[in-house]
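Breakdown of the fold
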Amino acid sequence: MAALLLGSWGAGSIDAKVVEAKLTLPVEPKLALARDDRVAIAPFVIATSAEEDQPNRREARVDVLREFQRYLAKNIAREARAEVTIIDDVQLTGGSVNELVADQGFWRGIGRRYGADIVISGIIDFDIEDKVGYRSEEYVSPLDGRTYYRQVLVETTGFVFDIVVLIFDGETGEKLVEENFRDFKELRGRNFDEVLGLFQNLRALETKIIGLFVKQEVASTRYLFTR
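**Observations regarding the overall build of the chain**
Helix and strand counts for the chain stand at four helices and nine strands. Reading the secondary structure of the chain in the N-to-C direction produces β-β-β-β-α-β-α-α-β-β-β-α-β. In the chain, buried positions account for 37% of the 227 residues. Taking the contacts inside the chain whose residues are at least 6 apart along the sequence as the reference set, 71% of them involve residues at least 24 apart.

Dropping the structure here:
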């Protein structure tokens, strides 16, 4: 905790303090999993634009679908203790959220085929962009000790991970949950490793994504006024 002293507070010029309190708050899951629940992680639609659908683009070097399926399966199995199956031998019937949600028979069929209580799918968009530019940077002159600004050439790699997670009832094929998560990371260095960049995004989103299934705790700051 940290106490910050303010000036006068109120008509009586009474000195007041603000106490900064760090709290840990529970966040309930959208769809709590039980240990005997069976989860099937189906393929996701990988979103690409016309210019991105090129084999020489950096995104093509990463099997985003496989990496994310493994990541999700590992975390659900660890946190929820549920039985998880990765599905890689089915072809999705649509390429948009509305098309995926509308095909309840497809998800019901997967639930029956794999004995799954819930089926997870969705849409993933993973973009990489190398950038080179100049930025202002402070430096202290060794000659006179004064602070100056100079232009410095900086190379960065930007990673954008945007995902819509859809959770379906394995018995009825009905959509139970739909959530969108997005993260942007700009890392120093050109041609930063693609897989490392992807997992930077995933680590930033981990609490939110796994929080769909398991209760999580998040840190929060509250300010209390005292006299």
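**Digging into the pattern of salt bridges**
Following the criterion strictly, the structure yields 10 salt bridges and no others. For the salt bridge of Arg 78 with Glu 79, the shortest nitrogen-to-oxygen distance reads 3.1 Å. Overall, Glu 79 belongs to the partly exposed group, its relative accessible area being 36%. Taking the shortest distance from any N to any O, the salt bridge between Arg 113 and Asp 89 comes out at 3.0 Å. With Arg 113 in helix α3 (residues 104–114) and Asp 89 in the loop between β5 (83–86) and α2 (97–102), this residue pair connects regions lying 24 residues apart in the sequence. Judged by its relative accessible area of 53%, Arg 113 is exposed. Three or more residues are tied together by salt bridges with common partners; here these are Arg 78, Glu 79 and Glu 206.

**Considering the confidence of the model for the chain**
When the pLDDT values of the chain are averaged, the result is 82; 82% of them are 70 or greater. Contacts of residues 1–13 to residues separated by more than four positions or lying in other chains number 25 contacts, the stretch itself having pLDDT below 50.

**A look at α3**
Think of an α-helix as 3.6 residues a turn; residues three or four steps apart then line up on the same face. The complete set of buried residues in α3 reads Phe 106, Trp 107, Ile 110 and Gly 111. Seen end-on, α3 carries its buried residues on one side only, within an arc spanning 135 degrees. Turned more than 90 degrees off the buried face of α3, the exposed positions are Arg 112 and Arg 113. Immediately downstream of α3, the backbone of Gly 115 shows phi near 60 degrees, a positive value.

**Notes on the packing of aromatic side chains**
Geometrically, a pair of aromatic rings is defined through the distance of the ring centres and the angle of the planes. Under the defined criterion, the tally for this structure stands at eight aromatic pairs. Summarising the aromatic geometry, the rings of Phe 44 and Phe 68 are spaced 5.3 Å apart at their centres and angled 85 degrees between planes, so their arrangement reads as edge-to-face. One end of the pair, Phe 44, is in the loop between β3 (38–41) and β4 (45–46); the other, Phe 68, is in helix α1 (residues 64–80), with 24 residues separating them in the sequence. Both residues of the pair, Phe 44 and Phe 68, count as buried. Through a chain of ring-to-ring contacts, the aromatic side chains of Phe 44, Phe 68, Tyr 71, Phe 126, Phe 159, Phe 161 and Phe 199 assemble into a single cluster.

**Let's talk about the environment of Phe 225**
By the secondary structure assignment, Phe 225 is in strand β9 (residues 216–226). Separated by 205 residues in the primary sequence, Phe 225 and Glu 20 place their C-alpha atoms 9.1 Å from one another.

**So, unusual backbone geometry**
Phi angles above zero are rare outside glycine, and Arg 81 is one such case at about 60 degrees. Positionally, Arg 81 belongs in the loop between α1 and β5.

**Let's talk about α1**
Given a rise of 1.5 Å per residue, 17 residues ought to cover 24 Å, and the 23 Å separating the end C-alpha atoms of α1 matches this to within 8%. Restricting attention to buried positions, one finds in α1 the residues Val 64, Phe 68, Gln 69, Tyr 71, Leu 72, Ala 73, Asn 75, Ile 76 and Ala 80. Positioned one or two residues after α1, Arg 81 has a phi angle of 60 degrees, which is positive.

What counts, and where the lines are drawn
- Residues numbered from 1 in each chain as written.
- Predicted model: local features only at pLDDT ≥ 70, side-chain atom pairs only at ≥ 80, totals over all residues.
- Heavy atoms only, no water.
- Helix = DSSP H or I, 4+ residues; strand = E, 2+ residues; numbered from the N terminus.
- Buried < 20%, exposed > 50% of the residue type's maximum accessible area, 1.4 Å probe, protein only.
- Contact = heavy atoms within 4.5 Å.
- Salt bridge = Lys/Arg side-chain N within 4 Å of Asp/Glu carboxyl O.
- pLDDT = per-residue confidence, 0-100.
- Arc of directions from axis to C-beta.
- Phe/Tyr/Trp six-rings, centres within 6.5 Å; stacked < 30°, edge-to-face > 60°.
- Expected span 1.5 Å × (residues − 1).

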